[in-house]
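Here is what each chain is made of, one letter per residue.
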Amino acid sequence: MATIYPTHSPAVTGAYPRDHTPAINYDRALIFHNKNTDEYFGFTPYAQIAFNLEGTYWLTLEHYIQAMKFVGHSSRIDAIKRMKIPQEIRGYVSDPENARLSDTNWNNKKCEYMYHALFGKFSQNQNILNQLLRTENRFLIYEDHNDSTWSIGNDGKGPNYLGRLLCNLRTYLRHNPKTRTPPTYRYSDLPENKLSHTFSASHEEVTPMLPSSDGALYFGDKTKRFFELCNDSNYGIELDGILWMTVTHYYLAQKFHGNVHLQNTIAAFESPSQARQFAYSKNAVCPIL
């Protein structure tokens, strides 16, 4: 079977010509939804806009991304490729018999895989590429209440990786319109994930929040404003060559300094509460606060 995972291509000179690229416009952010009635549904993983990567045909982004969890297990990849609709895939991937074969280092690879797939999808389909370029320099926000990784999630505080990767791809393809060379993924190149806004599924524009009337800025749990300042906020940071979903993930992992296996296990958890529970169960040498 042809190689279907991304290879590390050298950085493209001039791929990010920052001196000639307008700053991201956060004041006119554009929200797109996982609904086939949405004008920008084509940007989502579920839109049936096919593309080819290294000789392999993929019906949707979701097919490719979920299949990449099983690199080295061709029968699982082939099963996913045969599925007609992306909604089938989630059940297949989460089945315990299949989940045990999933890449344990997926959390550190997922954005690179997605960026690779987005390049294939948009560079091979002119109509959807034109639609992306017409968004100019607006910050893109993916809203899917069932997705806390690629979108802003149910609470509006998710990392929005898909929207941020699309912002980068838009710049790359605008300045390299005829390239066949995929861009190199670098976490440090992603635009800031400014999510301190009031979100509404029925409004495309977002209104920035302001500090409290008494001059102090209060932040706390998920029901409060400015949750993004908390350690549990899902912003993602890259330290020591590992992508950490939250500050809490990183902080807890440091309690097991020197134990790479336990640190990688903590990094892979999808929520800080799971990471915290695991760390407590392992009785770290230092007290976990």
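Residues numbered from 1 in each chain as written. Predicted model: local features only at pLDDT ≥ 70, side-chain atom pairs only at ≥ 80, totals over all residues. Heavy atoms only, no water.

**Some points on the environment of Q263**
Here Q263 shows up in helix α9 (residues 260-268). A C-alpha to C-alpha distance of 9.7 Å links Q263 and I242, two positions 21 residues apart in sequence. With residues up to four places along the chain from it excluded, the contact list for Q263 reads W244, A253, Q254, F256 and H257. (Helix = DSSP H or I, 4+ residues; strand = E, 2+ residues; numbered from the N terminus. Contact = heavy atoms within 4.5 Å.)

**Quick word on the packing of aromatic side chains**
This structure, assessed with the given rule, holds twelve aromatic pairs. Judged by centre distance (5.9 Å) and plane angle (55°), the ring pair of F43 and F122 falls under tilted. Of the two residues, F43 is situated in the loop between β1 (25-33) and β2 (51-53) and F122 in helix α5 (residues 110-123); the sequence distance between them amounts to 79 residues. Across the pair, exposure class does not vary: F43 and F122 are buried alike. Pairing W58 with Y64 gives two aromatic rings, centres 5.3 Å apart and planes at 85°, and the pair type is edge-to-face. Taking the relative accessible area as the measure of exposure, W58 reaches 1% and is therefore buried. Residue classification places Y64 among the buried residues on the basis of a relative accessible area of 0%. (Phe/Tyr/Trp six-rings, centres within 6.5 Å; stacked < 30°, edge-to-face > 60°. Buried < 20%, exposed > 50% of the residue type's maximum accessible area, 1.4 Å probe, protein only.)

**Some points on helix α2 (residues 74-82)**
R76, I77, A79 and I80 are the residues of α2 that are buried. Summarising the axial view, the buried residues of α2 lie within an arc of 160°, below the 170-degree limit, and thus occupy one face. Tucked into the core, α2 has its buried residues touching β3 (56-58), α1 (61-67), α3 (86-94) and α4 (96-99). (Arc of directions from axis to C-beta.)

**Focus on the pattern of salt bridges**
Opposite charge on two side chains permits them to pair, given that their charged atoms come into close proximity. By the definition in use, this model includes four salt bridges. The partner of E62 in a salt bridge is R90, and the shortest N-O contact between them spans 2.6 Å. With E62 in helix α1 and R90 in helix α3, this residue pair connects regions lying 28 residues apart in the sequence. On the basis of relative accessible area, E62 is assigned to the buried category, the value being 2%. (Salt bridge = Lys/Arg side-chain N within 4 Å of Asp/Glu carboxyl O.)

**Considering the confidence of the model for the chain**
On average, the chain scores 78 in pLDDT, and the residues at 70 or more come to 77%. Per-residue pLDDT stays below 50 along residues 196-213; that stretch engages in 45 contacts with residues further than four places along the chain or on separate chains. Below pLDDT 50 for its whole length, residues 284-289 participates in twelve contacts with residues either more than four positions away or in separate chains. (pLDDT = per-residue confidence, 0-100.)

**Focus on the side chain of R76**
With respect to the helices and strands, R76 occurs in helix α2. Buried charge R76 goes without a salt bridge, the closest partner of opposite sign being E97 at 4.7 Å. Aside from chain neighbours lying at most four places away, what touches R76 is F70, Y92, E97, N98 and L101. (Lys, Arg positive; Asp, Glu negative; His and termini not counted.)

**Topic: the pairing of strand β4 (residues 138-143)**
In terms of burial, β4 is largely enclosed, as six of its six residues are buried. Sheet analysis places β1 next to β4, joined by five bridges and oriented parallel. Following the sheet pairing, N25 is matched in β4 by R138. (Pairing = 2+ DSSP bridges.)

**Points about the nonpolar core**
Ranked by size, the top nonpolar core spans 56 residues in total, and within it F32, Y64, L118, F122, W150, L165 and L166 carry the most contacts. In terms of nonpolar packing, the next biggest core, distinct from the first, is built from eleven residues, I242, W244, A253 and I266 among them. (Core = buried A, V, L, I, M, F, W, Y, C linked by side-chain atoms within 4.5 Å.)

**Some remarks on the environment of P182**
Here P182 shows up in the loop between α7 (161-175) and β5 (197-198). Of the residues examined, P182 reaches a relative accessible area of 19% and is grouped as buried. Separated by ten residues in the primary sequence, P182 and Y172 have C-alpha atoms spaced 9.3 Å apart.

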